[in-house]
There are 2 protein chains.
Amino acid sequence: MKIFRDIVEMQRWSMEQRISGATIGLVPTMGYLHKGHLSLIEEARVDCDLIIVSIFVNPTQFGPNEDYGKYPRDKEGDIEMCEKAGVAAVFIPDVDTMYSHDASVCVIENSLSQGLCGQSRPTHFGGVCTVVAKLFNIMQPNVAVFGQKDYQQVAVIRRMVQDLNFAVEIRVAPIVREHDGLAVSSRNMYLSNDERQQALSINSALNLAHESFFSGQDSAVEIKNLVIRQLHEHCMDVDYVEIINGFDLNPVETVQMGDVVVVAAFCGKTRLIDNCIL
Amino acid sequence: MKIFRDIVEMQRWSMEQRISGATIGLVPTMGYLHKGHLSLIEEARVDCDLIIVSIFVNPTQFGPNEDYGKYPRDKEGDIEMCEKAGVAAVFIPDVDTMYSHDASVCVIENSLSQGLCGQSRPTHFGGVCTVVAKLFNIMQPNVAVFGQKDYQQVAVIRRMVQDLNFAVEIRVAPIVREHDGLAVSSRNMYLSNDERQQALSINSALNLAHESFFSGQDSAVEIKNLVIRQLHEHCMDVDYVEIINGFDLNPVETVQMGDVVVVAAFCGKTRLIDNCIL
């Protein structure tokens, strides 16, 4: 497995692979890899000749009071996992490599990124779009795989690909859950044992929403209240609960199949997100 | 010569050329081609296997009270000129092809684009960056050629390429002038005969600045005053006259070799720009 820390070397290698006829699947990550990331790698493997995993905790997508500094990192463990997963190359640059001191260009999405997570994290999706645009230009993948857990992120990135005409196919892998239903996330490691139990209420609340809808309830308000009640019962601090159209992310009043229940909630200081496509 | 109006077809063709080992030179234009554009094509020809010219009057780089509607267009003449110049492909999309109704992503440069033209045209460089990013993703060129006349534009695009890691080499072709010294521009066609005479003062003012500097004057204020006086004598309405460092575009006080005298001035309603590297 190749390990690249330099942009030009990574870019040159990728271009050589493309010109030799290989198809490249990119899995962009912030590292601290878990079985959610492995499922993205599996998704890329389906029809790509080789897989590149990028490992970069991107400072520009964290707000000033967020967890950039303490975000978990394990470069050696990550590299080992990639090697075992049959990844062709890992791109693991420094912050100074990715952002020069005079960097002044960013990619902004002005519509889908405004609500939901964008409400409490106003600079988040600008940081995401900018770094993903950079990664696309560096790795020049045919396919990039993202996780459905970050539902809004996927919608924003799809829009960026459409609007900036990136020749990259965006693929989405389903949410991977722990045996007890908690959506797998690098941030789960912040949770104490008690918080870990509380956090299960997110999945159980989403399950309630699912059951309610498929039992005939189609009022978004009613279903949202069900979810919020369940979260409050487990002392979760709700950031948002919304039922949205899966394409434009606008809240719906009457719920239809394909709409998405999206949740962000604090469990102690840890902000968790999850969602469920109805 | 191939003519493409569709993004996907253009993109597929370009990728095929790249994978076959050809190097692509892109000349992005707003059409109404003149000998300035031809010099860009010649510059691309030096070491590219094939040249693509894009022809697109980009609405997003015009301000609300600017000349988007009346900007000169001559698609048939342009295509004929490209054919004669040995261009391999012309990309000539509609506005609706380039911008979908729900487009919401833009590329923004926050430093180099703030002064000079960015002062009186605050949305201009965002529009330029966004459309150039799109064109790079569609055509995937090895080289893109721009004209030195748009000095600030070149600096902003270079920064975009650096910050977003586009695998594109930016090349700059010198300013092409009419026999009497006026910098060639599609907007020159707006000028009446009298205005055409007045407009010559821009080049003569730049020549004065050049002579003054190489006669030992190194005060930016003095050289700027010389330029402004010359323009005012010919009834030009000055937008800005500045002497800048060619890299960060910051104004200098003491002028050094390599600094750039940049001018924007109105001749009647027509805004003209020009510059001179000392």
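Keep in mind it's a predicted model, so treat the numbers as computed, not measured. (Residues numbered from 1 in each chain as written. Chains lettered and ligands numbered in written order. Predicted model: local features only at pLDDT ≥ 70, side-chain atom pairs only at ≥ 80, totals over all residues.)

J.: Which parts of the structure should I look at to understand the overall build of chain A?
T.: In terms of regular secondary structure, chain A is built from nine helices and ten strands. Expected size for 278 residues packed as a compact globule is a radius of gyration near 19 Å; at 19 Å, chain A falls within 12% of this value. Principal-axis analysis of the C-alpha atoms places the extent of chain A at approximately 55 × 40 × 40 Å. Expressed as a percentage of the 278 residues in chain A, the buried residues total 41%. Here the contacts in chain A between residues at least 6 apart in sequence split such that 69% fall between residues at least 24 apart. (Helix = DSSP H or I, 4+ residues; strand = E, 2+ residues; numbered from the N terminus. Rg over C-alpha atoms; globule rule 2.2 N^0.38 Å. Buried ≥ 20, exposed ≤ 12 C-beta atoms within 10 Å, placed from the backbone. Contact = placed C-beta atoms within 7 Å.)

J.: What's the story with helix H3 (residues 75-84) of chain B in this structure? I'm lost.
T.: Note: α-helices contain 3.6 residues per turn, so residues at a spacing of three or four share the same orientation. All names here are of chain B. Along H3, the residues classified as buried are Asp78, Met81 and Cys82. Along the long axis of H3, the arc covered by the buried residues comes to 100°, so they all point the same way. What points out from H3, more than 90 degrees from its buried face, is the exposed set Glu76, Gly77, Glu83 and Lys84. Looking at the packing, one finds that the buried side of H3 touches strand S3 (50-55) and strand S4 (89-91). Immediately downstream of H3, the backbone of Gly86 shows phi near 75°, a positive value. (Arc of directions from axis to C-beta.)

J.: Would you explain the relation of the copies chain B and chain A in this entry?
T.: What relates the pair of chain copies is a rotation about an axis plus a shift along that axis. When chain B is brought onto chain A, the operation consists of a screw motion whose angular component is 180° and whose axial shift is 0.0 Å, with 0.0 Å RMSD remaining. What the superposition gives is, in effect, a two-fold axis relating one chain to the other. In this assembly the copies share their binding face: 100% of the residues contributing to the interface of chain B also contribute to that of chain A. (Least-squares fit on C-alpha atoms with pLDDT ≥ 70 in both.)

J.: Could you clarify how one ought to interpret the nonpolar core in this entry?
T.: Most often, soluble globular proteins have nonpolar side chains that are buried together. With 157 residues, the main nonpolar core has Met160 and Val263 of chain A together with Met160 and Val263 of chain B as its most contacted residues. Leave out the neighbours within four places in its chain, and Met160 of chain B touches Val105 of chain A together with Val107, Glu109, Cys129, Val132 and Ala133 of chain B. (Core = buried A, V, L, I, M, F, W, Y, C linked by C-beta atoms within 7 Å.)

J.: What should I look at first to understand the packing of helix H6 (residues 124-139) of chain A against helix H7 (residues 151-164) of chain A in this one?
T.: In a packed pair of helices, the relevant descriptors are the angle between the two axes and the axis-to-axis distance. Residues and elements named next belong to chain A. Across the interface, H6 lies against H7 with an axial gap of 10 Å and an inter-helix angle of 50°. By the criterion of interaxial angle, the relationship of H6 to H7 is oblique. The hand of the H6/H7 crossing is right-handed. Only Gln153, Val156, Ile157 and Met160 of H7 make contact with H6, whose side of the interface consists of Phe125, Val128, Cys129, Val132 and Ala133. (Axes fitted to C-alpha atoms, helices over the stretch in contact; angles between N-to-C directions. Parallel < 35°, antiparallel > 145°, perpendicular 65-115°, else oblique. Left-handed = near helix turned anticlockwise from the far one by under 90°.)

J.: When you look at the sheet that holds strand S3 (residues 50-55) of chain A in this model, what are you seeing that I'm missing?
T.: Paired through backbone hydrogen bonds, the strands of a sheet run either parallel or antiparallel to each other. Residue and element names in this part refer to chain A. Taken together, six strands build an open sheet; the order of strands is S1-S4-S3-S2-S6-S7 and the sheet is parallel. Lying at the two open borders of the sheet, with one neighbouring strand each, are strand S1 (2-4) and strand S7 (169-173). Averaged over all pairs of adjacent strands, the angle between strand axes in this sheet comes to 25°, irrespective of strand direction. Of the pairings in the sheet, the one linking strand S2 (residues 24-29) to strand S6 (residues 143-147) comprises two bridges and is parallel in character. Bridging across to S6, Gly25 finds its partner in Val143. Sheet contacts for helix H1 (residues 7-19): S1, S2, S3 and strand S4 (89-91); angle to S1, the most-contacted strand, approximately 135°. (Pairing = 2+ DSSP bridges.)

J.: Looking at this structure, how should I read the environment of Pro122 of chain B?
T.: Position of Pro122 of chain B relative to the elements: it lies in the loop between helix H5 (117-120) and helix H6 (124-139). Remark: the alpha-carbon pair of Pro122 of chain B and Gly63 of chain B, spanning 59 residues in sequence, is separated by 7.9 Å.

J.: Teacher, can you tell me more about the environment of Asp49 of chain A here?
T.: Relative to the assigned elements, Asp49 of chain A resides in the loop between helix H2 (35-45) and S3. Excluding residues that lie within four positions of it along the chain, Asp49 of chain A makes contacts with Ala22 and Thr23 of chain A.

J.: Hey, could you run me through the domain arrangement of chain A in this one?
T.: Buried accessible area, meaning the area lost when the parts come together, often serves as the stated size of an interface. Residues and elements named next belong to chain A. The domains assigned to chain A are domain 1 (2-173) and domain 2 (186-277). Spacing between the C-alpha centres of domain 1 and domain 2 amounts to 26 Å. Across the contact, 14 residues belong to domain 1 and twelve residues belong to domain 2. (Domains from an automatic or database assignment.)

J.: Got a minute to help me understand the confidence of the model for chain A in this structure?
T.: Detailed reading of predicted coordinates is not advised where the pLDDT is low. In this model, chain A carries an average pLDDT of 97, and 100% of its residues clear a pLDDT of 70 or more. As scored by the predictor, the complex reaches a pTM of 0.97 and an ipTM of 0.96. (pLDDT = per-residue confidence, 0-100.)

J.: Honestly, the interface of chain B and chain A in this entry has me stumped. Any pointers?
T.: Residue-level contacts link 30 residues of chain B with 30 residues of chain A. Where the side of chain B that touches chain A is concerned, the elements lending two or more residues are helix H1 (7-19), strand S5 (105-109), H6 and helix H7 (151-164) of chain B. For the side of chain B that touches chain A, a count of residues per class yields 16 nonpolar, nine polar and five charged. Summarising the sheet, strand S5 (residues 105-109) of chain A and S5 of chain B pair through five bridges and their orientation is antiparallel. Bridging across to S5 of chain B, Cys106 of chain A finds its partner in Ile108 of chain B. (Nonpolar A, V, L, I, M, F, W, Y, C, P; charged D, E, K, R; others polar.)

J.: What should I look at first to understand the sheet that holds strand S9 (residues 260-267) of chain B in this one?
T.: All names here are of chain B. If you trace the three strands from one edge of the open sheet to the other, you get S8-S9-S10, paired in antiparallel fashion. Edge positions in the sheet fall to strand S8 (237-244) and strand S10 (270-277), since each has one partner strand and no second. Between one strand and the next, the sheet's axes are offset by a mean angle of 10°, whatever the strand orientation. Strand contacts of helix H9 (residues 220-233): S8 and S9, with the helix running at about 155° to S8, the strand carrying the most contacts.

J.: I would appreciate a short explanation of the environment of Val145 of chain A in the present structure.
T.: Residue and element names in this part refer to chain A. On the secondary structure map, Val145 appears in strand S6. For the pair Val145 and Ser39, spaced 106 residues apart in sequence, the C-alpha separation works out to 9.5 Å. Leaving out residues up to four positions away in the same chain, Val145 has contacts with Gly25, Val27, Leu40, Glu43, Ala44, Arg171 and Ala173.

J.: Please clarify how unusual backbone geometry should be interpreted in this entry.
T.: Across residues other than glycine, the phi torsion is negative in most instances, and most of the peptide bonds are trans. All names here are of chain B. Backbone geometry at Leu116 places phi at a positive 50°, although glycine is not the residue there. Structurally, the position occupied by Leu116 is in the loop between S5 and H5. When the 24 C-beta atoms within 10 Å are taken as the criterion, Leu116 is described as buried.

J.: What is the right way to look at the pairing of S3 of chain B in this model?
T.: Working note: regular strand, side chains alternate between the two faces of the sheet. All names here are of chain B. When you tally the buried positions in S3, you get five out of six residues, the bulk of the element. Pairing analysis gives six bridges linking strand S2 (residues 24-29) to S3, with the strands arranged parallel. Within S3, the position partnered with Thr29 by the bridge is Ile55. Taken together, S2, helix H2 (residues 35-45) and S3 form a β-α-β motif whose crossover is right-handed. Note: S3 against S4, three bridges, orientation parallel. The partner of Val53 across the bridge, within S4, is Val90. Crossover handedness for the path S3 to H3 to S4: right-handed. (Right-handed = clockwise from strand over helix to strand, strands pointing away.)

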